[in-house]
Amino acid sequence: MFGSFRIGSVAGIPIRVHVLFLLLVAALAFAPGTGAFQLVALGVLVVCVVLHELGHALVARRFGIHVLDITLWPLGGMARLSHIPESSRVEAAIAIAGPAVNVALALVAAPLLLLQVFGPARDSILAALALSFVVVNVLMAAFNLLPAFPTDGGRLVRAWFGRKRSWVEATARAVWIGRVVAVAIGIAGIAWGNWMLPVVALWLWWTGGVELAQVRARHAQGLVPTGGFTDADLARIESFRGPLRALPRGDRDGD
Ligand SMILES: [Zn+2]
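Read on for an overview of the structure.

Rules used in this analysis
- Residues numbered from 1 in each chain as written.
- Predicted model: local features only at pLDDT ≥ 70, side-chain atom pairs only at ≥ 80, totals over all residues.
- Heavy atoms only, no water.
- Axes fitted to C-alpha atoms, helices over the stretch in contact; angles between N-to-C directions.
- Helix = DSSP H or I, 4+ residues; strand = E, 2+ residues; numbered from the N terminus.
- Parallel < 35°, antiparallel > 145°, perpendicular 65-115°, else oblique.
- Left-handed = near helix turned anticlockwise from the far one by under 90°.
- Contact = heavy atoms within 4.5 Å.
- Nonpolar A, V, L, I, M, F, W, Y, C, P; charged D, E, K, R; others polar.
- Pairing = 2+ DSSP bridges.
- Expected span 1.5 Å × (residues − 1).
- Buried < 20%, exposed > 50% of the residue type's maximum accessible area, 1.4 Å probe, protein only.
- Core = buried A, V, L, I, M, F, W, Y, C linked by side-chain atoms within 4.5 Å.
- Salt bridge = Lys/Arg side-chain N within 4 Å of Asp/Glu carboxyl O.
- Donors = N, O, S within 2.8 Å, 3.2 Å for Na, K, Ca; no water.
- Tetrahedral: all angles 85-135°; square planar, octahedral: opposite > 155°, others 65-115°.
- Phe/Tyr/Trp six-rings, centres within 6.5 Å; stacked < 30°, edge-to-face > 60°.
- Lys NZ or Arg CZ within 6 Å of the ring centre and 35° of its normal.

### Observations concerning the packing of helix H5 (residues 152–162) against helix H6 (residues 167–192)
Helix packing geometry: the angle between the two helix axes and the distance between the axes. Contact pair H5 / H6: the axes reach a minimum separation of 8 Å and the direction vectors enclose 140°. In this view, H5 runs oblique relative to H6, as classed from their interaxial angle. Seen from above, H5 lies across H6 with right-handed handedness. Packed against H5, whose contacting residues are Gly154, Val157, Arg158, Phe161 and Gly162, the element H6 presents Trp167, Ala170, Thr171, Arg173, Ala174 and Ile177 at the interface. A per-class count over the contact of H5 with H6 returns 6 nonpolar, 3 polar and 2 charged.

### Comments concerning the sheet that holds strand E3 (residues 67–73)
The strand order across the open sheet built from 4 strands is E1-E2-E3-E4, with neighbouring strands paired in mixed fashion. Edge positions in the sheet fall to strand E1 (4–10) and strand E4 (76–81), since each of these pairs with one other strand and no more. Taken pair by pair, the neighbouring strands of this sheet meet at an average axis angle of 25°, ignoring direction. Examined bridge by bridge, E1 and strand E2 (residues 13–18) share 6 bridges and lie antiparallel to one another. Paired with Ser9 across the strands is Pro14, a residue of E2.

### Notes on helix H4 (residues 124–144)
Here H4 is 21 residues long and its end C-alpha atoms lie 30 Å apart, about the 30 Å a rise of 1.5 Å per residue gives. All buried positions along H4 are accounted for by Ala127, Ala130, Val134, Asn137, Met140, Ala141 and Asn144. Buried residues along H4 sit in contact with helix H2 (36–62), helix H3 (88–118) and H5.

### Quick word on the nonpolar core
Core analysis: the largest hydrophobic core is formed by 21 residues, its most contacted members being Ile65, Ile70 and Ile94. Secondary structure elements with two or more residues in this core: E2, H2, E3, E4 and H3. The residues contacting Ile65, other than those within four sequence positions of it, are Ala60, Leu81, Ser82, His83, Pro85, Val90 and Ile94. With 8 residues, the next largest nonpolar core counts Val181, Ile185, Leu197 and Val200 among its residues.

### Thoughts on the pattern of salt bridges
This structure, assessed with the given rule, holds 8 salt bridges. Between Arg158 and Glu91 there is a salt bridge whose closest N-O contact spans 2.7 Å. Taken as a pair, Arg158 in helix H5 and Glu91 in helix H3 lie far apart in primary sequence, 67 residues in all. A residue is classified by how much of its surface remains accessible, and Arg158, at 1% relative accessible area, is buried. Classification of Glu91 as buried rests on a relative accessible area of 3%. Ionic contacts of the salt-bridge type, sharing partners, join the residues Glu91, Arg155, Arg158 and Glu211 into one network.

### Some points on the coordination of the zinc ion
The zinc ion binds to the protein through His52 (NE2), His56 (NE2), Asp152 (OD) and Asp152 (OD), with metal-donor distances spanning 2.0 to 2.7 Å. Considering all 4 donor atoms around the zinc ion, the spread of angles at the metal, 53 to 151°, places the coordination shape in the irregular class. Motif for the zinc ion, donor spacing along one chain: H-x3-H-x95-D. Separated by 96 residues along the polypeptide, His56 in helix H2 and Asp152 in helix H5 bring together distant segments of the chain. As far as burial versus exposure is concerned, His56 and Asp152 are alike and both buried.

### Comments concerning the packing of aromatic side chains
Counted according to the given criterion, the structure contains 1 aromatic pair. Each ring, one from Trp73 and one from Trp203, has its centre 5.4 Å from the other, and the planes form 55°; the classification is tilted. Placement of the pair is Trp73 in strand E3 and Trp203 in helix H7 (residues 196–221), with a sequence separation of 130 residues. Taking relative accessible area as the criterion, Trp73 reaches 16% and is therefore assigned buried. It is Arg163 that lies over the ring of Trp160; its NZ or CZ is 4.0 Å from the centre.

By themselves, these observations are geometric and do not establish any function.
Set out below in structure tokens:
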């Protein structure tokens, strides 16, 4: 990804940060009113984003997909995969893994929060940190599960349609629903005076269209990625996806 550089790696997966992400973090860190608490909360937020993406990445790797890297940029994190197989089962498993990490983190922190709120030895700073940790993770899971393709929720929608339809049609439907949701997000942002949301909406609208165009182009060329599967997986996919069967085996390389 242009303008990004590597800061380390987790489980053999390079973690990269984009220059724009650094600028955003710097702007927040040096903003008036930012104290030690806000800095710690910001650091925790970044760690949660990385863990969310690691959830996607590690599940993708289990399916034999090569994870290029995890890149942090202003709108969050992004696990870049060598390809996304056209399989509802694989797509759904990878998509749900990210929000599942956030739900797990919130559940782990919930007892600490309860202890701080109701326990005998209360610490208001620890309680505030635990509360923001739980809220951040619940919000991250909720936002990513919005059916605004290419969000995780949008990918679950495509996986749902992909069970019975061609991948092109499933993607087109997921993108259509995603754009309706994106418009709603944009309008809500304008109504609330939150100018970040219309930017997110535009980004969702655009990237959904880009991915649909990519899927269409791939199918027009007969390049349907099914790599990284065992033969049993492939047989299962082929049993409900007719067009794949028509492709000669040598043409099934997605990379
Ligand atoms: Zn995600």
